[in-house]
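# Understanding the architecture of this molecule
Okay, here's what each chain looks like letter by letter:
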Amino acid sequence: MISTEEYLRYCDAALDQYAAVCRELGDDLVNARLDDVAGSNSAFALVAHVVGVMARWGRTVNRGILVPRDRDAEFTATGTLDDALDLLARGRAALHEDVHAASPHDPPADPPDGEDVGTQGAVLLHVYEELAQHLGQLEVTRDVLLSRRG
């Protein structure tokens, strides 16, 4: 199994990429969606979503610390570039705290009803899975938005 620090290196690299893509898009495109693609998300919405995922699974599920979450609102969230970068920084800090507090072989403190999520380590693997999945979505969105801008 990988160490806590190795795990956080992967998560931090993904979060650094989220920030880099948001900077590339800037204030003028951080809230832009692909209007001709049903269900597309803005960069800001994807940032809000992954920060929500990290809090829900790392804090609420693994540690039993209730973090209120409105998942639907994450996908309609808007803000400035600075807001997105601040959200990422706060999410990263909380993730580091949650990962250091985790006991990878123990069951989660507050697993979702009816779901067998395995161990706290498996929950953290899910967090990274979400970071990687949505980073790919963010990069494709960026590429399309920037190509359309010319």
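Residues numbered from 1 in each chain as written. Predicted model: local features only at pLDDT ≥ 70, side-chain atom pairs only at ≥ 80, totals over all residues. Heavy atoms only, no water.

### Let's talk about a nonpolar patch on the surface
Where we set the bar: Think of a patch as exposed residues, more than 30% relative accessible area, with no salt bridge, where like charges cluster within 9 Å and nonpolar side chains (Val, Leu, Ile, Met, Phe, Trp, Tyr) cluster within 5 Å. Computed with a 1.4 Å probe, the accessible areas rest on the Shrake-Rupley method; for each residue, only the protein chains presented here act as cover. Put simply, a salt bridge is a Lys or Arg side-chain nitrogen that is within 4 Å of an Asp or Glu carboxyl oxygen. Each helix corresponds to a stretch of at least 4 residues labelled H or I by DSSP, and each strand to a stretch of at least 2 residues labelled E; elements are numbered beginning at the N terminus.
A cluster of nonpolar side chains, Met1, Ile2 and Tyr10, forms an exposed patch at the surface whose accessible area comes to about 420 Å². The residue tyrosine 10 is located in helix 1 (residues 4-29) in this model.

### What about the layout of surface pockets?
Applicable threshold: Cavities and pockets were defined on a 1 Å grid built over protein atoms only: a cavity is a set of grid points that admits a 1.4 Å probe from which the probe cannot escape, a pocket is an open set flanked by protein on both sides within 12 Å along at least five of seven lines, and lining residues are those with an atom within 4 Å of any such point. Grid points are joined across faces, edges and corners, and a volume is the space filled by probe spheres set on the points. Three categories are distinguished: nonpolar for Ala, Val, Leu, Ile, Met, Phe, Trp, Tyr, Cys and Pro, charged for Asp, Glu, Lys and Arg, and polar for the others, with Gly belonging to the last.
Quantified by volume, the largest pocket comes out at close to 280 Å³. Every element with two or more residues in the lining of the largest pocket is listed here: helix 1 and helix 5 (120-149). It is helix 5 that contributes the most residues to the lining of the largest pocket, four residues altogether. Here the lining of the largest pocket is built from residues that sort into ten nonpolar, three polar and no charged. Approximately 220 Å³ is the volume found for the second largest pocket. Forming the boundary of the second largest pocket are 16 residues, of which Ala48, Val51, Gly52, Ala55 and Leu87 lie nearest the centre.

### What about the packing of aromatic side chains?
For the record, the criterion: Any two of the Phe, Tyr and Trp rings considered here, Trp counted by its six-membered ring, make a pair once their centres fall within 6.5 Å; the pair's planes then place it as stacked at under 30 degrees, edge-to-face at over 60, or tilted in between. As a reminder, the over-ring test applies to NZ of lysine and CZ of arginine, requiring each to be within 6 Å of the ring centre and within 35 degrees of the ring normal.
Taken as a whole, this structure holds one aromatic pair when the rule is applied. Lying across the ring of tryptophan 57, arginine 56 places its NZ or CZ 5.7 Å from the centre.

### A few points about helix 1
What counts here: The length a helix should cover is 1.5 Å for every residue beyond the first. Take the seven residues that end at a residue and the seven that start at it, fit an axis to each, and the angle between those axes is the bend at that residue.
Over its 26 residues, helix 1 runs 35 Å from end to end, which matches the ideal 38 Å to within 8%, given 1.5 Å per residue. The sharpest bend along helix 1 measures roughly 50° and falls at arginine 23.

### Observations regarding the pattern of salt bridges
As a reminder of what qualifies: Only protein chains enter the calculation, and the probe is 1.4 Å; a residue is then buried if its accessible area is under 20% of its type maximum, exposed if over 50%, and partly exposed in between.
Scanning the model with the defined rule gives twelve salt bridges in all. A salt bridge links aspartate 36 to arginine 148, with the nearest nitrogen and oxygen atoms 2.8 Å apart. With aspartate 36 in the loop between helix 1 and helix 2 (43-63) and arginine 148 in helix 5, this residue pair connects regions lying 112 residues apart in the sequence. Judged by its relative accessible area of 48%, arginine 148 falls in the partly exposed class. When salt bridges with common partners are traced through the structure, they connect Arg59, Arg63, Glu97 and Asp98 into a single cluster.

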